Amino acid sequence: MFSRVISAAVYGIDAYIVNVETDVGFGLPTFDMSGALGSKVREAKDRVRVAIKNSGIELTPQKIVINISPANIRKEGTIYDLPIAIGILAANGCFDLKILENVLIIGEVSLDGSINPVKGVLPMVCAAKEAGIDNCIIPKANIAEGRIINNINIYGVETLSQTIEILKNIAVIDGSRKNIKQADVKSGECNKSDGNINNDTYNVLERSRVKFTYGSEVKNNNHSCSYNIDYSDISGQEAAKRATMIAVSGMHNIMYIGPPGSGKTMLAQRIPTIMPDMDYEEQLRLTKIYSVAGLLDSECGIMVKRPFRNPHHTITQAALLGGGAVPRPGEITLSEGGVLFLDEMTEFNQVIMEALRQPLEDKVITLVRVNAAYTYPAHFMLAAAINPCKCGYYPDRNRCHCSEYDIRRYIGRISNPMWDRFDMCVKVDEVSYEVMRNKGNVDTIYNSTDMKNKVEAARQMQKDRFKKLDINYNSQMGVREIHKYCTLNVECNELMERMYKQHNMSARAYNKVLKTARTIADLKGSVNIEKEHLTEALFYKNCEVKS
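To keep things clear, this report deals only with the structure shown in the data block. (Residues numbered from 1 in each chain as written. Predicted model: local features only at pLDDT ≥ 70, side-chain atom pairs only at ≥ 80, totals over all residues. Heavy atoms only, no water.)

### Remarks on the packing of helix H21 (residues 490–502) against helix H23 (residues 531–542)
Threshold: Interaxial angle, 0 to 180 degrees, is taken between N-to-C directions of lines fitted to C-alpha atoms, where a helix line uses only the stretch in contact. Secondary structure elements are defined from DSSP: runs of H or I of at least 4 residues count as helices, runs of E of at least 2 residues count as strands, and each element is numbered from the N terminus. An angle counts as roughly parallel when it lies under 35 degrees, as roughly antiparallel when it exceeds 145, as roughly perpendicular when it falls between 65 and 115, and as oblique in every other case. In this scheme the handedness of a crossing depends on how the near helix is turned from the far one: anticlockwise by less than a right angle means left-handed, clockwise means right-handed. The criterion used for residue contact is that any of the two residues' heavy atoms lie within 4.5 Å. Polar here means any residue outside two lists: the nonpolar Ala, Val, Leu, Ile, Met, Phe, Trp, Tyr, Cys and Pro, and the charged Asp, Glu, Lys and Arg; Gly therefore counts as polar.
In the contact formed by H21 and H23, the axes pass within 9 Å of each other and the chain directions differ by 15°. Put simply, H21 runs roughly parallel to H23. The crossing of H21 and H23 is right-handed. Two secondary-structure elements touch here, H21 through Glu491, Cys492, Leu495, Met496 and Met499 and H23 through Lys531, Leu534, Thr535, Leu538 and Asn542. Within the contact of H21 with H23, the residues separate by chemical class into six nonpolar, two polar and two charged.

### Considerations on the side chain of Arg465
Put simply, the rule reads: In this scheme, a residue with accessible area under 20% of its type's maximum is buried, one over 50% is exposed, and one in between is partly exposed, where area comes from a 1.4 Å probe on protein chains only. Here a polar contact is recorded for every N or O atom pair within 3.5 Å, except that within protein the pair must consist of a potential hydrogen donor and a potential acceptor, and residues adjacent in sequence are included only if both atoms are side-chain atoms.
Looking at the secondary structure, you find Arg465 in helix H19 (residues 448–465). Looking at Arg465, the relative accessible area reads 16%, which means it is buried. Within the structure, the side chain of Arg465 is placed 3.0 Å from the side chain of Asn474, a separation counted as a polar contact. Excluding residues within four positions of it along the chain, Arg465 makes contact with Asn474, Tyr485, Arg518 and Asp522.

### Quick notes on the state of the cysteines
Here is the idea: a disulfide is a covalent bond, and it sits between the sulfur atoms of two cysteines. Rules: Disulfides are defined in this document as cysteine sulfur pairs within 2.5 Å.
By the definition in use, this model includes zero disulfides. Cysteine Cys126 is unpaired, with the sulfur of Cys136 as its nearest cysteine sulfur at 9.6 Å. Residue class for Cys136 comes out buried when judged on its relative accessible area of 0%.

### Overview of the packing of aromatic side chains
Put simply, the rule is: Whether two aromatic rings pair depends on their centres lying within 6.5 Å, for rings of Phe, Tyr and Trp, where Trp uses its six-membered ring; planes under 30 degrees apart make the pair stacked, over 60 edge-to-face, and the rest tilted. We call a charge positioned above a ring when the Lys NZ or Arg CZ atom is no farther than 6 Å from the ring centre and deviates by at most 35 degrees from the ring normal.
Using the criterion set out here, one finds seven aromatic pairs in the structure. Taken together, a centroid distance of 5.5 Å and an interplanar angle of 85° make the contact between Phe466 and Tyr485 edge-to-face. Here Tyr485 lies in helix H20 (residues 479–485) and Phe466 lies in the loop between H19 and H20, a separation of 19 residues in the sequence. Residue Phe466 is classed as buried on the basis of its relative accessible area of 1%. Members of the aromatic cluster, connected to one another through ring pairs, are Tyr11, Tyr16 and Tyr374. Lying across the ring of Tyr227, Lys305 places its NZ or CZ 4.8 Å from the centre. Taking NZ or CZ as reference, Arg465 lies 5.6 Å from the ring centre of Phe466, over its face.

### Observations concerning the environment of Gly12
Summarising the element assignment, Gly12 is placed in the loop between strand E1 (2–11) and strand E2 (14–25). Taking the C-alpha atoms as reference, Gly12 lies 8.8 Å from Ala373; in sequence the two are 361 residues apart. Not counting residues within four places of it along the chain, the set of residues in contact with Gly12 comprises Val292, Tyr374 and Tyr376.

### A look at the pairing of strand E8 (residues 135–139)
For the record, the criterion: The pairing criterion is simple: DSSP has to find at least two bridges between the two strands.
Of all five residues in E8, five are buried; the element is thus mostly enclosed. Looking at chain direction, E8 and strand E9 (residues 153–157) are connected through five bridges and run parallel. When the sheet's bridge partners are listed, Cys136 is paired in E9 with Ile154.

### Comments concerning the pattern of salt bridges
Heads up, the rule is: Put simply, a salt bridge is a Lys or Arg side-chain nitrogen that is within 4 Å of an Asp or Glu carboxyl oxygen.
Tallied over the full model, the rule gives 26 salt bridges. Of the charged contacts in the structure, one is a salt bridge between Asp233 and Arg270, with a shortest N-O distance of 3.4 Å. Here Arg270 lies in the loop between helix H10 (264–269) and helix H11 (280–293) and Asp233 lies in the loop between helix H8 (214–220) and helix H9 (238–250), a separation of 37 residues in the sequence. Taking relative accessible area as the criterion, Arg270 reaches 6% and is therefore assigned buried. Between Glu336 and Arg285 there is a salt bridge, with the nearest N and O atoms lying 3.1 Å from each other. Linking Glu336 in the loop between helix H13 (331–334) and strand E17 (339–343) with Arg285 in helix H11, this pair joins segments that are 51 residues apart in sequence. Overlapping salt bridges, with partners in common, bring together Glu361, Asp420, Arg421 and Arg508 in one network.

And the structure:
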């Protein structure tokens, strides 16, 4: 007998509907599988066979053939254990095959029949909704991410027996007791019967089912966008705080240069506190990424905080950019919509740093394998911190004894093309004792709340400006947008020409200066770029330490 179970395959950060086709019949008792399957998928036959037996269901020796179609999509992982088990039971007549036409099933099965959590549940539920499927059966441990999508029935299951019971009673999912068929799972057999569902089975079904509306989750989400750190914690460094606010307003890449202990890391760590809150689409996209990577908190559901990723300098290229035998998102993708902070950037492997250049420009990373190419998003703000020399105290010659050659060699670990990718560079000087004790003038201290309000105002100007374009921030402007929105008056044009020639700027550096000046003007609420805006943008671009 033949059966078909709907499941899904993850490809990049999206998912596609696949069909688990099962045929059981007479012949030598074999278990064959096909359909571009990875090793973990092929191992399912041993897990499934034992799980069915340990769930109290005895199957006669039979020839089992499994095909997961379409065969042009590579299937990896353990998500097909549960649909394979259900397919075998359905082919043996355990329940009506029509029930399976409107149910997506995913999950890993243990030998005792329990259901383990899997990666990528959210994109698979999204794929089910897009395909018009009304019901999803997923591991109960993944219920938080599954219920993010509204207007779809999500069933969290803990055992194979519970899955069978739910499937037998899922024919009509409208909460009406009279329309749901009764079924019992008994040891050694699968029975089908008609009639009204009893209270015990009905309660199991209702406890497993979650019908969810997104708005209520946002209202009741315990993981709100609140932070226990603030820019007011940092003594002094008002110029660096302003530079950071400018960088966040336009999503510009920023480099902090200063001696050890001056506050570079603290400045970077607080960047998410002044970023605007994510909208639903941003939250959903970020949650998909973390779901595929297996990093999603099983209890929090949708992610509401912008990510801040701070990898150690010993990170590998695959971990930073993404990759592996079964490709998974790297740090640049896990930073989607947030911040990737590279502390002590000069200590990172230079080859890995150079590999960042392309995704910084393209905002995507494409990993090519023999069988397929995987594309992951890379929309992030890059923040980095370095010391001015090996000892960290240049240009204070009372403490710094590095030679000019040593300093050039140390800074030279970051290539000129990589320097060009930074829109802004700010020096973070040591804080005096008086500032540490008094924390300066209270009226001029930057705090995260005020900074965030200014950032949101500047972002709103950008949103209005680019509402008809596929652009969100000033840093994303292309040449045409720069010519349209970054026009210079005569005085500004003369200044720009003089600085361009004096500092031998590249075309990329020229465009980045104009985009930064546009952001500074937005923070001031100015329609046009004035000389003061351009001068400040030039200062941030030209303070790179290379000597």
